[in-house]
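A structural walkthrough
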Amino acid sequence: MSFDPNKLPPRPELFDFHGVSMIHYFTDNWENVQDFQARPDDILIATYSKSGTTWVSYILDLLYFGHTGRQTSVPIFKRVPFLEIIHPALGSGKDMADNLPTSPRIIKTHYPVQFVPKSFWDQNCRIVYVARNPKDTVVSYFHFGRMNTLEPEPGDWSDYIRRFMDGKMVFGSWYDHVNGWWKKKQTYSNLHYMFYEDLAEDTGREIDKLCSFLGLSRSDEEKKRVTEGVHFDNMKKDKMANYSEVPIFDFKMSPFMRKGKVGDWKNHFSVAQSEQFDEDYNKKMTDVTLQFRTEI
Ligand code: PPS
């Protein structure tokens, strides 16, 4: 199926859902998703949108199933289903997760921590949370909003930054999301909290940390293969990783694999916008144990 703007429904509207801004594609299946039966070896990749979900999904998929050939025939969004999505052209992420033939099952969510189905906690599943600095996240989200017809209209850039600061984004406030998950880490030990910037700085080191968290022993050669396989340039040209098969994305507006950089925000924020953003950030982000880098 390819992108056809004439066959698409209008852009969805944001609404308040249990205190979080959401769109119906991620709430219509709420009861079923809440009833999801996790297995003890399931691995959940949790992120605020645009924080490196696809990158880490690919890493885990290669670490576990790199030898199986799935990478050349099954697109990443089918290998690592998006739990809460439900959409006529894309199906139900919950059903896809239920029917995953792999063991372990690797599942993606953008939920804030309080929305995660109970069974993940009951089964003590391993969870990998990926966070990205908010300036690059909002830039990436803005371009994603232009190309992803499932997102509300992004409008212009200065309005968009304001809405991001106000938490009026799909999946709510970035600030609440990263803080909520950070807090959870203090009481739930099977949570590995990692940063996009660290991954960009030294992918091999972060893969080592992931292996240790997941209890995986992989040879240096295998890890090198994974590190190379998930390089931005490789994923960008790989049809199974770059979402080019997704009929709701308008690639004329922006590619999904857009730049893959730390610091691209400098090409978007004016000096005044950056100062306002930082001032607001300092008010909201009071936990000094959670630190983000906007450059490396
Ligand atoms: S989504 O839609 O929320 O699942 O998007 P997500 O995958 O979390 O984030 C997309 C951004 O991650 C970048 N990306 C990468 N950067 C570096 N290396 C690799 N391999 C990689 N894969 C994806 C992608 O380009 C998006 O960031 P921007 O800044 O828009 O380029």
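Just above, that's the structure.
The model shown is predicted, which means the values in this text are computed figures rather than measured ones.

**Digging into the packing of helix α8 (residues 174-187) against helix α13 (residues 271-284)**
Packed helix pairs are characterised by how far apart their axes lie and by the angle those axes make with each other. The geometry of α8 relative to α13 is characterised by a closest axis approach of 11 Å and an angle of 40 degrees between their N-to-C directions. Once α8 is placed against α13, the crossing between them reads as right-handed. Contacts between α8 and α13 involve W174, Y175 and N179 on the former and, on the latter, F277, D280, Y281 and K284. In the contact of α8 with α13, the residues fall into four nonpolar, one polar and two charged.

**Thoughts on empty space enclosed by the protein**
If you walk through the whole model with that rule in mind, you get one cavity of 30 Å³ or more. If you add up the space inside the largest cavity, you get close to 40 Å³. A per-class count over the lining of the largest cavity returns three nonpolar, three polar and two charged.

**Some details on the nonpolar core**
If you look at the biggest cluster of nonpolar residues, it comprises 95 residues, and the most contacted ones within it are L60, W181, Y193 and F292. With nine residues, helix α2 (residues 53-65) is the largest single contributor of residues to this core. If sequence neighbours within four positions are ignored, F292 has contacts with A131, R132, N133, P134, W174, V178, Y193, F195, Y281 and M285.

**A word on the sheet that holds strand β8 (residues 191-195)**
Read from one edge of the open sheet, four strands run β6-β3-β7-β8, paired in parallel fashion. Looking at which strands have only one partner, the edges of the open sheet turn out to be β6 (106-109) and β8. When strand polarity is set aside, the average angle formed by the axes of neighbouring strands in this sheet is 20 degrees. The pairing of strand β7 (residues 126-131) with β8 spans five bridges and is classified as parallel.

**Some thoughts on the site of the ligand**
Within the structure, the ligand sits among 21 residues, and T53, T54, S140, Y196 and K259 are positioned closest to it. Side-chain polar atom of K108 to an oxygen atom of the ligand: 3.1 Å apart, as the coordinates give it. In the complex, 98% of the free accessible area of the ligand, which totals 640 Å², lies under the protein chains. Judged by the proximity of its atoms to the pocket grid, the ligand belongs to the largest pocket. Listed by contribution, the elements that provide at least two residues to the shell around the ligand are α2, α6 (134-147) and α12 (232-237). If one sorts the elements of the shell around the ligand by residue count, α2 sits on top with three residues. Residues belonging to the shell around the ligand are distributed by class as follows: eight nonpolar, eight polar and five charged.

What counts as what
- Residues numbered from 1 in each chain as written.
- Predicted model: local features only at pLDDT ≥ 70, side-chain atom pairs only at ≥ 80, totals over all residues.
- Heavy atoms only, no water.
- Axes fitted to C-alpha atoms, helices over the stretch in contact; angles between N-to-C directions.
- Helix = DSSP H or I, 4+ residues; strand = E, 2+ residues; numbered from the N terminus.
- Left-handed = near helix turned anticlockwise from the far one by under 90°.
- Contact = heavy atoms within 4.5 Å.
- Nonpolar A, V, L, I, M, F, W, Y, C, P; charged D, E, K, R; others polar.
- 1 Å grid on protein atoms, 1.4 Å probe; cavity = no way out; pocket = protein on both sides within 12 Å on 5 of 7 lines; lining within 4 Å.
- Points joined across faces, edges and corners; volume = space filled by probe spheres on them.
- Core = buried A, V, L, I, M, F, W, Y, C linked by side-chain atoms within 4.5 Å.
- Buried < 20%, exposed > 50% of the residue type's maximum accessible area, 1.4 Å probe, protein only.
- Pairing = 2+ DSSP bridges.
- Near = heavy atom within 4 Å.
- Polar contact = N/O pair within 3.5 Å; in protein donor to acceptor, adjacent residues only side chain to side chain.
- Areas by Shrake-Rupley, 256 points an atom, 1.4 Å probe, with all protein chains shown as cover.
- Sits in = over half its atoms within 2 Å of the grid points.

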